[in-house]
Amino acid sequence: MANSGEEKEKLKLYSYWRSSCAHRVRIALSLKGIEYEYIPVNLLKGEQSGPEFKKINPMGTVPALVDGDIVISDSLAIIMYLDEKYPEPPLLPPDLHKRAVNFQAASIVLSGIQPHQNLGVIRFIEEKINSEEKTAWVTNAINKGFTALEKLLVSCAGKHATGDEVYLADLFLAPQIYGAINRFQINMEPYPTLTKCYQSYKDLPAFQNAAPEKQPDAPASTS
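Residues numbered from 1 in each chain as written. Predicted model: local features only at pLDDT ≥ 70, side-chain atom pairs only at ≥ 80, totals over all residues. Heavy atoms only, no water.

A. Up close: the pattern of salt bridges. Evaluation of the coordinates by the stated rule reveals four salt bridges. A salt bridge links Asp83 to Lys32; the nearest nitrogen and oxygen atoms lie 2.8 Å apart. Here Asp83 is found in helix α3 (residues 75–85), whereas its partner Lys32 is found in the loop between α1 (20–31) and β3 (36–40), with 51 residues between them in sequence. Measuring nitrogen to oxygen at the nearest pair gives 3.4 Å for the salt bridge that ties Glu52 to Lys55. Here Glu52 pairs with Lys55, and both are found in helix α2 (residues 51–56), just three residues apart, close to one helical turn. (Salt bridge = Lys/Arg side-chain N within 4 Å of Asp/Glu carboxyl O. Helix = DSSP H or I, 4+ residues; strand = E, 2+ residues; numbered from the N terminus.)

In structure tokens form, the structure reads like this:
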């Protein structure tokens, strides 16, 4: 759960309420019951490009996690760091094949979908071409990735992506599906496995606590 206290040694998470990358990390923190200080970075106002934040993350992206003298600024790296430091509950299954599936699902989202809907990318397309092409670009990337994820997970999904326990793949799926539905109005009918997984997350407090509309920097209209 996010907190704004001044406790020593508390982790600091630089986040933006609607960032799917930050959303993944919030789920991990929530699942593991780790208290942290939430520091909002308003991407629409360009705060990620300001000199103060660039000291934290020279790439100018969220999330960034500060743990004492340690700074990590990539969502997968942060999640793996948290899983090593706080091993319960584990975010990877003991079965080697299922571990590989979890990494593959995460990779599809991380490299095959999310970069194509990044704020900077879609703004560039809209400015250089038009808003219709921007929408087509994002829709194509999401549908291509979701088609691959559906085929990957259909034979190994249980209640969640790779069984009945929450693992790494679920942390990547939940924010991506949330954004697809709520930001880009993607039709989920062709993806019954992904839809079943997404519905299961609605029953999990850790996922609900990490939801964009629950964050302190979310606009009041999203609550």
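B. View of the packing of helix α4 (residues 96–113) against helix α6 (residues 131–153). Running from N to C, α4 and α6 point in directions that differ by 175°, and their axes come no closer than 10 Å. One element, α4, and the other, α6, form an angle in the roughly antiparallel class. Touching Val101, Gln104, Ala105, Ile108, Val109, Gly112 and Ile113 of α4 are Ala141, Ile142, Gly145, Phe146, Ala148, Leu149, Leu152 and Leu153, all from α6. Looking at the contact of α4 with α6, its residues break down into 12 nonpolar, three polar and no charged. (Axes fitted to C-alpha atoms, helices over the stretch in contact; angles between N-to-C directions. Parallel < 35°, antiparallel > 145°, perpendicular 65-115°, else oblique. Contact = heavy atoms within 4.5 Å. Nonpolar A, V, L, I, M, F, W, Y, C, P; charged D, E, K, R; others polar.)

C. Fine view of unusual backbone geometry. A cis amide bond links Val62 to the next residue, Pro63, at an omega of 10°. Tracing the backbone through its elements, the reader meets Pro63 in the loop between α2 and β4 (64–67). A cis amide bond, omega -10°, links Glu88 with the succeeding residue Pro89. One can find Pro89 in the loop between α3 and α4. Here the phi dihedral of Gln185 falls at roughly 50°; this positive angle occurs in a residue that is not glycine. Here Gln185 lies in the loop between α7 (168–182) and α8 (192–201). Judged by its relative accessible area of 58%, Gln185 falls in the exposed class. (Buried < 20%, exposed > 50% of the residue type's maximum accessible area, 1.4 Å probe, protein only.)

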